[in-house]
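Results of the structural survey
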Amino acid sequence: MVDHKALIVALDFDDIDSVLRLTDQLDPSLCRVKVGKQLFTRVGPSAVEQLVKRGFDVFLDLKFHDIPNTVANAVSAAADLGVWMTNVHASGGSSMMNAAREALVGRQNKPLLTAVTVLTSMAEADLAEVGFQGAALARVVALAKLTEKAGLDGVVCSAQEASELRKVVDPAFALVTPGIRLKGDAMGDQKRVVDPAAAIAAGANYLVMGRSITAATDPIAAIKRILSSLEPE
Ligand code: C5P
């Protein structure tokens, strides 16, 4: 089933004024927002707090990848900020993912915990360079299975892998897909891209979209175009 707030706008800005200029025009009941490394490193936790205060579901996308104790403490800090979702790298392994999950047990605010499989900016040649032979898909499937076994809520993957993943993971396991482009949009550094409606049709639950919106001359019009492309014909 398509989540009524499937669109997650990646707020990849350097300052809070640019963030609020955009989000003050957004209705938190129509989309979610994502705070990633750029904004978090520039502005800090207050960026998250201000968005939460304005009623947004915030995906804190810091892709934690460290020893289990450190990741568990970081995930715990994310929960304290009131975020809706946060994430780790699945390649950190099951001990790290288990520790992250356990850090959220019994919390008042229990964010969804997802794991990055293979970055959508990586194609086969990039994977080979870091020692992984073969197609991205096999690695994504293996990491998704490991993530599900560790009891996390879902994975971050390319929508190109969504239909294959839907065959092997539980229907409730969330697929969060960046690398989404409307036809005619610039690819930027993304390589494994899909358009919004095709991503949902392939089984994605959440679409992460940044530059197609934030770099558009009219970001609100871009969001409306995306949301209407998701409505049933
Ligand atoms: O601008 P664009 O739509 O490419 O932004 C994609 C966003 O999703 C960025 O904030 C990036 O950090 C994030 N992301 C990604 N690939 C992943 C995980 C997250 O592009 N595998």
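In this text, all values refer to a predicted model and were calculated from it rather than measured experimentally.

Turning our attention to the nonpolar core. Note on soluble globular proteins: their nonpolar side chains tend to be buried together. One finds Leu 11 and Val 88 to be the most contacted residues of the largest nonpolar core, which totals 67 residues. Apart from the residues lying within four places of it in its own chain, the contact partners of Val 88 are Lys 63, Phe 64, Val 71, Val 75, Met 96, Met 97, Ala 100, Leu 113, Thr 114, Ala 115, Val 116 and Leu 152. Counting residues in each nonpolar core, the second largest holds 11 residues, with Ile 8, Ala 10, Phe 59 and Val 116 among its members.

Here we come to helix H5 (residues 94-102). Here H5 has its buried residues at Met 96, Met 97, Ala 99 and Ala 100. Looking straight down H5, one finds its buried side chains confined to an arc of 160°; they lie on one side. Turned more than 90 degrees away from the buried face of H5, the exposed residues are Ser 95 and Glu 102. Packed against the buried residues of H5 are strand S3 (58-64), helix H4 (68-80), strand S4 (85-89), strand S5 (112-116) and helix H7 (136-149).

A few words on the pattern of salt bridges. Opposite charge on two side chains permits pairing when their charged atoms draw close. Inspection of every chain in the model, using the stated rule, returns 10 salt bridges. A salt bridge links Arg 42 to Asp 14; the nearest nitrogen and oxygen atoms lie 3.2 Å apart. Of the two residues, Arg 42 is situated in helix H2 (residues 37-43) and Asp 14 in the loop between strand S1 (7-10) and helix H1 (16-23); the sequence distance between them amounts to 28 residues. Residue classification places Arg 42 among the exposed residues on the basis of a relative accessible area of 62%. Ionic pairing is found between Lys 34 and Asp 61, a salt bridge with its closest N-O pair at 2.5 Å. A residue pair is termed long-range when its members are at least 10 positions apart, and Lys 34 in strand S2 (residues 32-36) and Asp 61 in strand S3 qualify at 27 residues. Judged on exposure class, the residue Lys 34 and its partner Asp 61 are both buried.

A separate point is the pairing of S1. Of the two faces of S1, the one carrying Leu 7 and Val 9 and the one carrying Ile 8 and Ala 10 are both buried. As defined by bridge partners, S1 adjoins strand S8 (residues 206-209) across three bridges and the pair is classed as parallel. Counterpart to Leu 7 in the pairing with S8 is Leu 207. The pairing of S1 with S2 spans three bridges and is parallel. Note on S2: the bridge partner recorded for Val 9 is Val 33.

Right, let's talk about the packing of aromatic side chains for a bit. Taken as a whole, this structure holds one aromatic pair when the rule is applied. Note that Arg 139 overlies the ring of Phe 132, its terminal NZ or CZ placed 3.4 Å from the centroid.

By volume, the largest pocket is sized at about 560 Å³. Taken together, 26 residues form the lining of the largest pocket, with Asp 12, Lys 34, Asp 61, Lys 63 and Gln 190 sitting closest to its centre. Those elements that provide at least two residues to the lining of the largest pocket are S2, H2, S3 and S8. Counting residues per element, the lining of the largest pocket draws most heavily on S3, which supplies three residues. Its residues assigned to classes, the lining of the largest pocket comprises 10 nonpolar, eight polar and eight charged. Taken as a whole, the second largest pocket holds about 200 Å³ of empty space. As for the second largest pocket, its lining consists of 11 residues, and the residues nearest its centre are Asp 3, His 4, Leu 227, Leu 230 and Glu 231. A per-element tally of the lining of the second largest pocket places helix H11 (residues 219-230) first, with three residues. A class-by-class count of the residues in the lining of the second largest pocket yields six nonpolar, two polar and three charged.

The rules behind the values
Residues numbered from 1 in each chain as written. Predicted model: local features only at pLDDT ≥ 70, side-chain atom pairs only at ≥ 80, totals over all residues. Heavy atoms only, no water. Core = buried A, V, L, I, M, F, W, Y, C linked by side-chain atoms within 4.5 Å. Buried < 20%, exposed > 50% of the residue type's maximum accessible area, 1.4 Å probe, protein only. Contact = heavy atoms within 4.5 Å. Helix = DSSP H or I, 4+ residues; strand = E, 2+ residues; numbered from the N terminus. Arc of directions from axis to C-beta. Salt bridge = Lys/Arg side-chain N within 4 Å of Asp/Glu carboxyl O. Pairing = 2+ DSSP bridges. Phe/Tyr/Trp six-rings, centres within 6.5 Å; stacked < 30°, edge-to-face > 60°. Lys NZ or Arg CZ within 6 Å of the ring centre and 35° of its normal. 1 Å grid on protein atoms, 1.4 Å probe; cavity = no way out; pocket = protein on both sides within 12 Å on 5 of 7 lines; lining within 4 Å. Points joined across faces, edges and corners; volume = space filled by probe spheres on them. Nonpolar A, V, L, I, M, F, W, Y, C, P; charged D, E, K, R; others polar.

Note that every value here comes from positions in space, so none of it alone points to a role or purpose.
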